[in-house]
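This is what each chain is made of:
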Amino acid sequence: MESEQEPEQEPKQQSSIVVKKNHLWIFAGAVFMISIFALGAYAMVANGAANNGFAPTANAVKNYAPVAPVQGGKQIIKLTIQGGTYYPNPVRLKKNVPVVLDVDMASVRGCYRGIQIPAFNVKKIVSENDNKIEFTPDKAGTFGFSCLMGMGKGQIVVEDEAGNVPVLNTVAQDIPKGGSCGAGGGGCGCGG
Ligand SMILES: [Cu+2]
């Protein structure tokens, strides 16, 4: 019995080395896949946080959001992107005062330049030559907006003449479900 088993050990050791090499590749592949998955999950969580993490109340908005400076009767907002979210977040506005979103071409890139604000019928792709979006917020409340794919997101809080902000919780339905921008799992990085 012993003499029969001895010769079998050599090939077994060799094959175990081969298996170890294969394990390395499987391990590397697994690490790669897990990293991709983690990145995708992080992007989704970060996006969700940007959308839902801040539920504005009148007081929170007063303490938190910067007031839009008014120049020539218009509220001027320098709109940038920070961490995949339009900023300031929220954009704080006064009802019935015309708004100019002065989109920062340095930080707002790629598909982020296509901006839709459904609550105020705004849909525009800004460019170096035309980086301003003008509208008048004719109703008070909290409103979501996004890039045209619905990935890069922001919030607008409009306070009424008395300085109150009815929290209408319209953010979720204002923003269309993510399209091609989210399909790759990389968020809104396209062209950025
Ligand atoms: Cu996008």
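My aim in this report is to walk through the structure given alongside it, one point at a time.

## Focus on the overall build of the protein
If you tally the helices and strands in the protein, you get four helices and ten strands. Along the chain direction, N to C, the helices and strands of the protein fall in the order α-α-β-β-β-β-β-β-β-β-β-β-α-α. Within the protein, buried positions represent 30% of all 192 residues. For the protein, contacts bridging at least 24 residues in sequence account for 75% of all contacts bridging at least 6.

## Observations regarding the pairing of strand β2 (residues 74–82)
Of the two faces of β2, the one holding Gln75, Ile77, Leu79 and Ile81 is buried and the one holding Lys74, Ile76, Lys78, Thr80 and Gln82 is not buried anywhere. With two bridges joining them, strand β1 (residues 70–71) and β2 adopt antiparallel strand pairing. Paired with Val70 across the bridge in β2 is Gln75. Linkage of β1 to β2, two consecutive antiparallel strands, is achieved through a turn of two residues, within which Gly72 is found at a positive phi near 60°. Both β2 and strand β3 (residues 85–87) contribute to a ladder of three bridges, which runs antiparallel. The partner of Thr80 across the bridge, within β3, is Tyr87.

## Focus on unusual backbone geometry
Omega for the peptide link from Tyr87 to Pro88 comes to 5°, which places this bond in the cis form. In this fold, Pro88 is placed in the loop between β3 and β4 (91–94). Although it is not a glycine, Asn96 adopts a positive phi angle of roughly 65°. For Asn96, the location among the structural elements is in the loop between β4 and β5 (99–103).

## Things to note about the nonpolar core
With 28 residues, the main nonpolar core has Leu93 and Ile156 as its most contacted residues. Elements with a contribution of two residues or more to this core: β2, β4, β5, β6 (114–117), β9 (141–147) and β10 (153–159). Not counting the four nearest positions on each side in its chain, Ile156 is found in contact with Pro90, Val91, Leu93, Ile117, Phe143 and Phe145.

Conventions used here
- Residues numbered from 1 in each chain as written.
- Predicted model: local features only at pLDDT ≥ 70, side-chain atom pairs only at ≥ 80, totals over all residues.
- Helix = DSSP H or I, 4+ residues; strand = E, 2+ residues; numbered from the N terminus.
- Buried ≥ 20, exposed ≤ 12 C-beta atoms within 10 Å, placed from the backbone.
- Contact = placed C-beta atoms within 7 Å.
- Pairing = 2+ DSSP bridges.
- Core = buried A, V, L, I, M, F, W, Y, C linked by C-beta atoms within 7 Å.

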